[in-house]
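Fold and contact review
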Amino acid sequence: MVTIDSSPPSHSRSPLRRFFGGFAALLDGTRRLLLNLVLLLVLAALAALLWQRLHKPALPDKTTLVLDLSGAIVDQTRATSLRNRVLAPLRGQGSGEAQTRLRDVLAVLDAAARDEQVTQALLLTDDLGNTGLATLREVAAAVERFKAAGKKVVAWGSGYDQRQYYLAAFADEVWMHPMGTVVIEGYGRYRTYYREAFDRLGVSANVVRAGKFKNAAETFSASGPSPETVESDRALYGSLWASWTGGVERARKLPAGSVMAYIDGLPGTLQAAGGDTAKLAVASKLVDALKTRDEVRKVLVERGAEDTAAKTFRQVSLAEYRARIDPNEGATAGETIGVVVAQGEIVDGRAGPGTVGGLSTAEQVRRAREAEDVKAIVLRVNSPGGSAFGSELVRRELELARAAGKPVVVSMGDVAASGGYWISMAADEVIADEATITGSIGVVGMIPSAEEALGKLGIHSGGTTTTWLAGAMDVTRNPDPRLLATVQSAIDHAYAQFVGLVAAQRKLTREQVDAVAQGRVWSGRDARERALVDRQGSWADALAAARQRAKLGATPRLRYFEAEPGRLQRLLGWFGVEERRAADAAAALTLLWDGAEGAAEGGGGAPGIAGVAGVSGVAGVAGLAGVGGADAPAWLAELGWLADVATRQRPFAAATHCLCSAP
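Since we're looking at a predicted model, the values are computed, not measured.

**Focus: the overall build of the protein chain**
Secondary structure assignment for the protein chain yields 26 helices and 24 strands. When burial is assessed residue by residue, the protein chain has 45% of its 663 residues classed as buried. In the protein chain, once contacts between residues fewer than 6 apart in sequence are set aside, the share between residues at least 24 apart is 76%. In the form shown here, the protein chain has an accessible surface area of approximately 32,000 Å², with 56% of it arising from carbon and sulfur atoms.

Here's what the structure looks like:
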């Protein structure tokens, strides 16, 4: 049989086919190269991390600890977008939305106080962000412990705002740039009231509340602060201001009233100083000396030791020193205190770090309760509240922990108000700082409507329903009076439940609780006088209380129950990478791998680029709204809350929220 091959000979293949064949081979080779390069980079990075972990060089003598506090000092770093965390370093913005964990600052200062190689500390405050007074007091106390070990602390800033100066005042010496200014303003706030604008637009907030001091939604229903709001704010800010001025004047050894004299006499004293704010700060004994950066370096070299390679003083940063220490080193095996952090707004369901999810935080408490090695639980609360239902889920799990025989201690941070106070009502002991903002035992709800506003535009709503409740929360229609009455009943019930919880937990009568409740916020000092907390104290005091109640040894282990890290993040953590840096590295490696795969598959890295760019329209709008962010303006947060209520359309959902933050 003769077989006839009809295929053309290879030499006769068309140029176009040869081109595409070569291009496909090039793509395949590029794919293999990129994937192999990424794999080699990952392996090299892991090897370097392992080497650093196993061969960590000893800290040299006369090392200066540099406390360069970046961003807000928080109990738990909030979840940030992958895009911001990965791109920020590329833009020269450091770690993006910078935050510093309080636990890290305290651990570093306490460990360095015992470290013979560390002889002094430099406190840099220029990048310190929005941090509450209670947290500042925790750090200041740690600085005092460092000084008590016989080690000097110097603070330097190009200038100081009120938060920055509070910390600086606790240093042995306060230095400032010759062009700097110490800005001390006091406490207070001006809120934006929308009632008249809403009336002109035809918008109604329809606020329903329980508690005459519950002013979370007052800005939508009034044109100015109520007498109750003025009374409450005056007492709260007065208490916080007394704590701030008292702390600074004691630290700087100034006569009582010196801070107020500085502020009140500012116009005249600044004129006498020729308008030189730095000279005035020195004359007022707020600052000890004026020094430029090079002068600071020179003095610290003289007092410590020189790093000839870097041409500066011998130093170790907060992050570097934190990586060197293990806070649980020397802890007693089998004796563990479980720590659950409740920071941020309380929401239903699950939430990431920096927000309290009713389900997710309750699960963290349950994990601590079920862990055999955990003998006591400390709940660290730094929350203005939010969902009453989410608050109750967390509180109930704490109640079950106590029933299981595990002591529960609540440590209040900057804010533990409304829902933040609710979740604290299942503890054996409640400890608050004197500057904590707490209380706000009240409930509020809203039913926004814009029927008149739409009518002015010629837009009307109409239809038919089987019951009067169908579409009752439709913002295009004014609410039915029966709905308002029904919601008021639900709000009153939630308030009665709140008061009952507090009365039972605090061993007070309902009448006693109602007298100090009504939605009013209190400072920790005033709350103690009204039996709303057990005592004043710090984070260390809360840990000591938990240890004593569980009858543990002097050095129990601390175990934080937080969101479970991913596999790659756990692997990086094993190699000694600090938790937040491990999360950032895991995110970067994931994007890099996705981008390499996308490029290898001919997509030009589309998956990686899309993940970084975040070009989704919905995501963009959500990012612009940002109403829950710590840096959002107050008016934006308030209007965002109103929009959220209108969107969710849950008329019977009670809100235990103070809409307050640490000033």
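Now, onward.
**What about the nonpolar core?**
Of all hydrophobic cores here, the largest spans 81 residues; its most connected members are Leu65, Tyr165, Val182, Ile184, Trp244 and Tyr321. Per-element tally for this core: the top contributor is helix α3 (residues 102–114), with nine residues. Beyond its immediate sequence surroundings of up to four residues, valine 182 is in contact with Tyr160, Tyr165, Met176, Tyr262, Ala281, Leu286 and Val287. Listed in part, the 52 residues of the second largest apolar core include Val394, Ala401, Ala427 and Phe498.

**Quick notes on unusual backbone geometry**
A positive phi angle, close to 55°, is found at lysine 62, a residue other than glycine. The topology assignment puts lysine 62 in the loop between α1 (15–54) and β1 (63–68).

**A short note on the pattern of salt bridges**
Within the structure shown, the criterion is met by 28 salt bridges. One salt bridge connects glutamate 399 with arginine 395, and the closest N-O pair in it is separated by 3.4 Å. Taken as a pair, glutamate 399 and arginine 395 lie in helix α15 (residues 388–403) at a separation of four residues, close to a single helical turn. In the salt-bridge network here, residues are joined through shared partners; they are Arg137, Asp433, Glu434 and Arg525.

**Examining the packing of aromatic side chains**
The final tally for this structure, using the stated rule, is nine aromatic pairs. Centroid distance tyrosine 194 to phenylalanine 220: 5.7 Å. Interplanar angle 20°. Geometry classified as stacked. One end of the pair, tyrosine 194, is in the loop between β6 (173–176) and α6 (195–201); the other, phenylalanine 220, is in helix α7 (residues 218–221), with 26 residues separating them in the sequence. For the pair tyrosine 194 and phenylalanine 220, a shared accessibility class is recorded, and that class is buried. Both rings, one in phenylalanine 198 and one in phenylalanine 220, keep their centres 6.3 Å apart while their planes meet at 5°; by these two values the pair is stacked. Residue phenylalanine 198 is located in helix α6, and its partner phenylalanine 220 is located in helix α7; the two are separated by 22 residues in the primary sequence. Residue classification places phenylalanine 198 among the buried positions, given a relative accessible area of 9%.

**Things to note about helix α12 (residues 293–303)**
Here α12 has its buried residues at Val296, Val299 and Leu300. Angular distribution of buried residues about the axis of α12 spans 95°; they occupy a single face of the element. Exposed residues on α12 whose side chains face more than 90 degrees from its buried face are Lys298 and Glu302.

**Observations concerning the sheet that holds β6**
Pairing is parallel in the open sheet, where six strands are placed in the order β8-β6-β5-β4-β1-β11. In this open sheet, the two strands that pair with only one neighbour each are β8 (289–290) and β11 (315–317). Here β6 runs beside β8; their pairing, made up of two bridges, is parallel. Counterpart to methionine 176 in the pairing with β8 is leucine 290. Along the sheet face, α3 touches β1 and β4 (118–124) and points at about 165° away from the line of β1. Where helix α4 (residues 133–148) meets the sheet, its contacts fall on β4 and β5 (152–157), and the angle it forms with β5 comes to roughly 135°.

**Considerations on the packing of α3 against α4**
Taken N-terminus to C-terminus, the directions of α3 and α4 make an angle of 10°; their axes are 8 Å apart at the nearest point. The angle between α3 and α4 places the two elements in the roughly parallel class. Contact residues: Leu102, Val105, Leu106, Leu109, Asp110, Ala112 and Ala113 in α3; Thr135, Glu138, Val139, Ala142, Val143, Arg145 and Phe146 in α4.

**Quick look at α4**
Given a rise of 1.5 Å per residue, 16 residues ought to cover 22 Å, and the 22 Å separating the end C-alpha atoms of α4 matches this to within 8%. Within two residues after α4, glycine 150 carries a phi angle of roughly 85°, on the positive side.

**Re the confidence of the model for the protein chain**
Summary statistics for the protein chain give a mean pLDDT of 85 and a share of 79% for residues scoring 70 or more. Residue range residues 89–96 is modelled with pLDDT below 50. Its contacts to residues more than four positions away, or to other chains, number seven contacts. This stretch, residues 591–632, has a pLDDT under 50; its non-local contacts, to residues over four places away or in other chains, come to 42 contacts.

**A closer look at the packing of helix α14 (residues 358–370) against α15**
Contact geometry of α14 with α15 gives a least axis separation of 8 Å together with a crossing angle of 5°. By the angle between their axes, α14 is roughly parallel relative to α15. Seen from α14, the contacting residues are Gly358, Leu359, Thr361, Ala362, Val365, Arg366 and Arg369; seen from α15, they are Gly390, Leu393, Val394, Glu397, Leu398, Leu400 and Ala401. Looking at side-chain class alone, the contact of α14 with α15 contains eight nonpolar, three polar and three charged residues.

**Considerations on the pairing of strand β15 (residues 374–383)**
Within β15, nine of the 10 residues are buried, leaving the element largely enclosed by the surrounding structure. The pairing of β15 with strand β17 (residues 408–417) spans six bridges and is parallel. Directly across from valine 378, in β17, lies its bridge partner valine 409.

**Re the pairing of β17**
Buried residues dominate β17, accounting for 10 of its 10 residues. Inspection of the sheet shows β17 paired to strand β18 (residues 429–432) by four bridges, in the parallel sense. Residue pairing across strands places valine 409 opposite glutamate 429, the latter belonging to β18.

**Concerning a nonpolar patch on the surface**
Taken together, Leu16, Phe19, Phe20, Phe23, Leu26 and Leu27 make up a surface patch of nonpolar side chains, about 630 Å² in accessible area. Within the element layout of this structure, phenylalanine 19 appears in helix α1. We classify phenylalanine 19 as exposed; its relative accessible area is 52%.

Rules behind the numbers
- Residues numbered from 1 in each chain as written.
- Predicted model: local features only at pLDDT ≥ 70, side-chain atom pairs only at ≥ 80, totals over all residues.
- Heavy atoms only, no water.
- Helix = DSSP H or I, 4+ residues; strand = E, 2+ residues; numbered from the N terminus.
- Buried < 20%, exposed > 50% of the residue type's maximum accessible area, 1.4 Å probe, protein only.
- Contact = heavy atoms within 4.5 Å.
- Areas by Shrake-Rupley, 256 points an atom, 1.4 Å probe, with all protein chains shown as cover.
- Core = buried A, V, L, I, M, F, W, Y, C linked by side-chain atoms within 4.5 Å.
- Salt bridge = Lys/Arg side-chain N within 4 Å of Asp/Glu carboxyl O.
- Phe/Tyr/Trp six-rings, centres within 6.5 Å; stacked < 30°, edge-to-face > 60°.
- Arc of directions from axis to C-beta.
- Pairing = 2+ DSSP bridges.
- Axes fitted to C-alpha atoms, helices over the stretch in contact; angles between N-to-C directions.
- Parallel < 35°, antiparallel > 145°, perpendicular 65-115°, else oblique.
- Expected span 1.5 Å × (residues − 1).
- pLDDT = per-residue confidence, 0-100.
- Nonpolar A, V, L, I, M, F, W, Y, C, P; charged D, E, K, R; others polar.
- Patch = residues over 30% accessible without salt bridge, like charges linked within 9 Å, V, L, I, M, F, W, Y side chains within 5 Å.

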